[in-house]
Amino acid sequence: MTGHRKNKILIVAYPNQSHINPTIRFANRLVKLGVDVTISTSFSVVRHINKQTTHHGLTFASFSDGHDNGQQPTTTLQQFISDFATKGACAVAKIISSAVAAGHPFDHLVYTTVLPWAAKVANAHGLESSLLWCQPATVLDIYYYYFNGNQELISCSHYNPTLPINLPGLPSLTTADLPSFLLSSCPKEHEFIQQNLKDHIDVLKISPRILVNTFDDLEIEPIRAIKKLVMIPIGPLVPSEFLEGNGPSYNSLSCDLFEKPKEDYIKWLNTKPKSSVVYVSFGSTTNLSIKQAEEMASGLFESGRPFMWVIREGIQAMNLSKIEVLKRQGMIVSWCSQVEVLNHQAIGCFLTHCGWNSTVEALAAGVPTVAFSQWSDQATNAKMIEDVWKTGVKVKRRQGDGMVERKEIKRCVEMVMEDEEIRRNARKWKELARKAFSNGGSSTINLQAFLDDA
């Protein structure tokens, strides 16, 4: 389809908060460039999307994946992903065929992480496809190397966890820096994910083009490390009003799979001095154990700093022993607009699980981080935060049970809040993120080139 501008794009998105947000931000960007975009995902997601601000040129094609109320605690992740694949493949095939029958065929299909089957559906209908990778280029490279001749090297490292793993174009890694799905300690119930990742790598032989939520300066070598892949950095995928410095009116099309409470956290933040507040959030899927939440509470309390901690309703909040004391020093909320909070001048550091969206949002906002990784790509992201971009520190875990103690939480918070070099690096990456996104910036040029298909 060389030389043909893509005017109509179908995006198939996995129904999870960490995939839906970058998908919607990517779609918004395409619509602004005059592209007609259709997002296809499950009913459970589309009903949560804020339709009042839907841009002209963006439509939704939802389908039932058999989980119309979203993933329930009784549904295993494997079942959820499998059902979405089975129902999704039929639904997407129908959407493509209907568009052809109506005389308005799609020019291109874009699919998110977890959905390699979508590339096969597109290929069967003679439609070109590209992957929208919702993690860093570095992590995709690690998976590529693992499934293309380096499995033994990576697996052998488990016997000596401090042994460096040197892969072309990537920073020197150890076992502790690898995505959790490649580790021998990976829980049995997540073993199936390796096959999904292998399918992702295999399907890139059909279409090696990958749109990555990163930018040139952030991962300059990883983006170009594998010659057989065409990585196109189009990030950071954060709402444009924050990158353009217009903040904090947050009226872009948005989606949150959780109920939004009425807490006025911005009002509370407005009362705090500049760069004084510790913002704590572990994303939409991670729940800390009660023991770990107690250590977190004590570490925050002992730091003596104001904090804002997002704890999903019904999780730890009512079980924390120091809840009333904590509320005198900080604010506990069950939901917030993370980009709005990170861009508030009162925020001094972000204590995060290092999910990729959170990592990119913190970099784009210039907020230093305390990296407290949990699973998936998060350990790799934490490694880059500490050693490559130098915008934060990783917590050290206790030997044996992996607990992060209160004194360690306090140490990391104090270090990140007070280290001038870390703060300077955070400001540097904020400027580079904005530059990439600006007119004439690398990500803007890359997106335009993708649409023009030159």
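Basis of the calculations
- Residues numbered from 1 in each chain as written.
- Predicted model: local features only at pLDDT ≥ 70, side-chain atom pairs only at ≥ 80, totals over all residues.
- Heavy atoms only, no water.
- Axes fitted to C-alpha atoms, helices over the stretch in contact; angles between N-to-C directions.
- Helix = DSSP H or I, 4+ residues; strand = E, 2+ residues; numbered from the N terminus.
- Parallel < 35°, antiparallel > 145°, perpendicular 65-115°, else oblique.
- Left-handed = near helix turned anticlockwise from the far one by under 90°.
- Contact = heavy atoms within 4.5 Å.
- Nonpolar A, V, L, I, M, F, W, Y, C, P; charged D, E, K, R; others polar.
- Domains from an automatic or database assignment.
- Buried area = accessible area lost by both parts, 1.4 Å probe.
- Salt bridge = Lys/Arg side-chain N within 4 Å of Asp/Glu carboxyl O.
- Polar contact = N/O pair within 3.5 Å; in protein donor to acceptor, adjacent residues only side chain to side chain.

*Asks:* Explain the packing of helix H10 (residues 290–303) against helix H15 (residues 406–418) residue by residue, including any values.
*Replies:* Contact geometry for H10 and H15: axes closest at 7 Å, N-to-C directions at 45°. Relative to H15, H10 is oriented oblique. When you trace H10 past H15, the crossing you get is right-handed. Residues Gln292, Glu295, Met296, Ser298, Gly299, Leu300, Glu302 and Ser303 of H10 touch H15, and the partners they reach there are Arg406, Ile409, Lys410 and Val413. When grouped by side-chain class, the residues that make up the contact of H10 with H15 number four nonpolar, four polar and four charged.

*Asks:* I'd love a proper account of the domain arrangement of the protein chain, names of residues and values included.
*Replies:* Each assigned domain of the protein chain is listed with its residue range as follows: domain 1 (8–239 + 437–453) and domain 2 (259–433). Taken over C-alpha atoms, the centre of domain 1 sits 26 Å from the centre of domain 2. Across the boundary between the two partners, domain 1 contributes 34 residues, which contact 24 residues of domain 2. Contact between domain 1 and domain 2 buries roughly 2,200 Å² in total, counting both sides, with carbon and sulfur atoms accounting for 63%. Interface area lost by domain 1 to domain 2 is led by Asp177, Phe215 and Leu218, which between them contribute 22%. Here domain 1 and domain 2 share two salt bridges between them. Close ionic contact of Glu361 with Arg25 constitutes a salt bridge, the shortest N to O distance being 2.8 Å. Viewed at the interface, domain 2 and domain 1 are joined by nine residue pairs in polar contact (both at pLDDT 80 or more).

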